[in-house]
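Coordinate analysis (summary)
Listed below are the residues making up each chain.
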There are 2 protein chains.
Amino acid sequence: MARAETAPRVPLTRERILHTAIELAGARGIGGLTMRGLGEALGVEAMSLYNHVANKADLLNGMVDAVFAEIELPSHSDDWRTAIRKRSVSFHAMLTRHPWVSGLRDSATQPGTSTLRHHDRVIGTFRNGGFSVALAAHAFSLIDSYIYGFALQEAALPLATEEQSAEVAEAMMAQLAVAEFPYLAELTVEHVMQPGYQYSNEFTIGLDLVLDSLEAALAKEQGASGVDDSGAGRAHSMPIHSE
Amino acid sequence: MARAETAPRVPLTRERILHTAIELAGARGIGGLTMRGLGEALGVEAMSLYNHVANKADLLNGMVDAVFAEIELPSHSDDWRTAIRKRSVSFHAMLTRHPWVSGLRDSATQPGTSTLRHHDRVIGTFRNGGFSVALAAHAFSLIDSYIYGFALQEAALPLATEEQSAEVAEAMMAQLAVAEFPYLAELTVEHVMQPGYQYSNEFTIGLDLVLDSLEAALAKEQGASGVDDSGAGRAHSMPIHSE
DNA sequence: GCTTTAGTACTTACATCGTAAGGCAATTCG
DNA sequence: CGAATTGCCTTACGATGTAAGTACTAAAGC
């Protein structure tokens, strides 16, 4: 048959499926990603995909793990604050590229190796920076909650470009009873509708505030360990509000 | 007719629909909430619901707005920090009661009146506490991102009870190559597997760190306005990292 | 070379979903 | 009492994830 020369006949792979799925999710949104549509994009019937992924949940897990590999790992040569800051900005950029990730909660239950490696390096960066195990856990929880939550709001509010912001703000003001929500109105007019406003700029502002507080908590913890060893010793206690 | 006495014959209402939908989402998860199932729970056919809600998206929006009304509004009599802290704890408690809320990004695009009132009061609390418009916006973004993000991770990781935590941690350790992810292993063993650990306890720790950083930012902003009026005057600039 | 075997892709089919269209009954208004 | 309006129900359609069974393709053994 002529199949050998006419069709390239690239065999289906899990990697190829994941890549195309990520592309498709980007183009049509995660809701527009269907097994049939994905099959079509790969020149294949929907059911053929099931030879390489267990089910759609497995596909989504794989997609999340694949994009986690795009995040810049914290560098060993940087001090903890710059290392964490860099990877957080990179993390945020990834979530901006792939807005559907923050919506997929299930994937956290079954983390892939990329995800685990990432988490391990982040925790390690804190530990090497002098954080106790407990404080490293707090820091990890705080930072990642912020990053995820910010991405969630970013995905919801369509304030990506300046025009979009203006549009949304105006629509909001139009239907908004200004008298009933005066502070919301003030913030919209005097902040959101200012020229050059983009919600995504808020990210690093909040991030730096978070890093400030972690730096202070670390200083407090290290100071406390000099006076009283209970802070560093009972690693699973709460060293921040020990009073 | 006998209808008055035999059958209670409570007529369908948007409120009754929303309440039952919230219950159902709590019992079966948001994925288990279907129009047919909801109708059945109300003793009614699925299509009858469409006389009171436009479509499923409208239903979900209504549900989100209804549970937003459960959040304790920041009190005017408290100072900003305690007021925000109280409402944040209340917010978090609501998201724990209704874990599906954080997953519904779409609802932020079409906020209901409860949601708007809530946001207005939060921003107002910051403003009355002395925050500039810009800093209030940053604070609002930071705090709500953290709360949402934390709830997202809480919903994903099933670490609600102590037993669950232990279970998950052990399962993780079992399949985890300890040598490959040493820091993750350390954190799991020395922190998560400690007696009495519950991930939800991390919430107030991170929250207090965030509030610390906002307090510092406010002090910095107010200190700067004494030396130089540009901080308070140009409200849409970035008063935190002005250097 | 031919035959066997395993794995990959295709076909068909089903349960379940949101919801469009139209019918019927009960309640409200004249 | 009759007319109209509202609210609920019936039926039906297209789309989705995926179970089950079939056919083809490519490597392994003789």
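Our subject is the structure that appears above.
Residues numbered from 1 in each chain as written. Chains lettered and ligands numbered in written order. Predicted model: local features only at pLDDT ≥ 70, side-chain atom pairs only at ≥ 80, totals over all residues. Heavy atoms only, no water.

Some remarks on the interface of chain A and chain B
Across the boundary between the two partners, chain A contributes 61 residues, which contact 60 residues of chain B. Its largest share of buried area at the contact with chain B, chain A owes to Arg105(A), Tyr183(A) and Leu209(A), together 13% of the area lost on that side. The tally of links from chain A across to chain B stands at four salt bridges. A salt bridge links Glu180(B) to Arg117(A); its shortest N-O distance comes to 3.9 Å. If you look at where chain A meets chain B, you find 14 residue pairs in polar contact (both at pLDDT 80 or more). Class assignment for the residues of the side of chain A that touches chain B results in 32 nonpolar, 18 polar and eleven charged. (Contact = heavy atoms within 4.5 Å. Buried area = accessible area lost by both parts, 1.4 Å probe. Salt bridge = Lys/Arg side-chain N within 4 Å of Asp/Glu carboxyl O. Polar contact = N/O pair within 3.5 Å; in protein donor to acceptor, adjacent residues only side chain to side chain. Nonpolar A, V, L, I, M, F, W, Y, C, P; charged D, E, K, R; others polar.)

Some points on the protein's contact with DNA strand D
Not every one of the 17 residues close to DNA strand D is listed here, only the nearest: Arg36(A), Tyr50(A), Lys56(A), Glu45(B) and Ser48(B). At a separation of 2.7 Å, a base nitrogen of DNA strand D approaches a polar side-chain atom of Arg36(A). Leu12(B) is positioned such that a nitrogen or oxygen atom in its backbone is 3.4 Å from a phosphate oxygen of DNA strand D. Among the residues forming the surface near DNA strand D, the class breakdown is seven nonpolar, five polar and five charged. (Near = heavy atom within 4 Å.)

Here's the deal with the relation of the copies chain A and chain B
Both copies of the chain are related by a screw-like operation: a rotation about an axis and a shift along it. Each copy of the sequence occupies a distinct position, and chain A is placed on chain B by a rotation of 180° and an axial shift of 0.0 Å, giving an RMSD of 0.1 Å. Considering both components of the superposition, the chain copies are consistent with a two-fold axis. By C-alpha distance to the rotation axis, the residue of chain A lying nearest is Gly149(A), at 1.8 Å. Interface residue correspondence from chain A to chain B reaches 98%, placing this contact among same-surface, isologous pairings. (Least-squares fit on C-alpha atoms with pLDDT ≥ 70 in both.)

Examining the layout of surface pockets
Roughly 1,100 Å³ of volume is contained in the largest pocket. In this structure, the largest pocket is lined by 50 residues; those nearest its centre are Ala108(A), Pro111(A), His119(A), Leu157(B) and Met172(B). Sorting the residues of the lining of the largest pocket by element identifies α2 (14-28), α4 (56-68), α6 (113-128) and α7 (133-156) of chain A together with α6 (133-156), α7 (162-175) and α8 (182-192) of chain B as the ones contributing at least two each. With seven residues, α7(B) is the largest single contributor of residues to the lining of the largest pocket. Counted by class, the lining of the largest pocket contains 29 nonpolar, 15 polar and six charged residues. Approximately 930 Å³ is the volume attributed to the second largest pocket. Counting only elements with at least two residues in the lining of the second largest pocket, the list comes to α7, α8 (162-175) and α9 (182-192) of chain A together with α3 (56-68), α5 (113-128) and α6 of chain B. It is α8(A) that contributes the most residues to the lining of the second largest pocket, six residues altogether. Of the residues assigned to the lining of the second largest pocket, the class counts are 27 nonpolar, twelve polar and three charged. (1 Å grid on protein atoms, 1.4 Å probe; cavity = no way out; pocket = protein on both sides within 12 Å on 5 of 7 lines; lining within 4 Å. Points joined across faces, edges and corners; volume = space filled by probe spheres on them. Helix = DSSP H or I, 4+ residues; strand = E, 2+ residues; numbered from the N terminus.)

Description of the nonpolar core
Counting 126 residues, the largest nonpolar core has Leu59(A), Met63(A), Leu59(B) and Met63(B) as its most contacted members. Beyond its immediate chain neighbours, meaning those up to four positions away, Leu59(A) contacts Ile17(A), Leu18(A), Ala21(A), Leu33(A), Met35(A), Leu38(A) and Val53(A). (Core = buried A, V, L, I, M, F, W, Y, C linked by side-chain atoms within 4.5 Å. Buried < 20%, exposed > 50% of the residue type's maximum accessible area, 1.4 Å probe, protein only.)

Some remarks on helix α1 (residues 14-28) of chain B
Residues and elements named next belong to chain B. An ideal rise of 1.5 Å per residue puts 21 Å on 15 residues; α1 measures up with 21 Å between its terminal C-alpha atoms. Looking only at α1, the buried set comprises Ile 17, Leu 18, Thr 20, Ala 21, Ile 22, Leu 24 and Ala 25. Among the structural elements, α2 (35-41) and α3 are those in contact with the buried residues of α1. Gly 29 sits one or two residues past α1 and shows a positive phi near 85°. (Expected span 1.5 Å × (residues − 1).)

Structural notes on the packing of helix α5 (residues 80-97) of chain A against α7(A)
Residue and element names in this part refer to chain A. Between α5 and α7, the shortest axis-to-axis distance is 10 Å and the interhelical angle comes to 30°. In terms of orientation, α5 and α7 fall into the roughly parallel class. Between α5 and α7 the crossing geometry is right-handed. In this structure, α5 contributes Ile 84, Arg 87, Ser 88, Phe 91, His 92, Leu 95 and Thr 96 to the contact, and α7 contributes Ile 143, Asp 144, Ile 147, Tyr 148, Phe 150, Ala 151 and Glu 154. Looking at the contact of α5 with α7 residue by residue, the classes come out as eight nonpolar, three polar and three charged. (Axes fitted to C-alpha atoms, helices over the stretch in contact; angles between N-to-C directions. Parallel < 35°, antiparallel > 145°, perpendicular 65-115°, else oblique. Left-handed = near helix turned anticlockwise from the far one by under 90°.)

Spatial relationships are all this shows, so hold off on functional conclusions.
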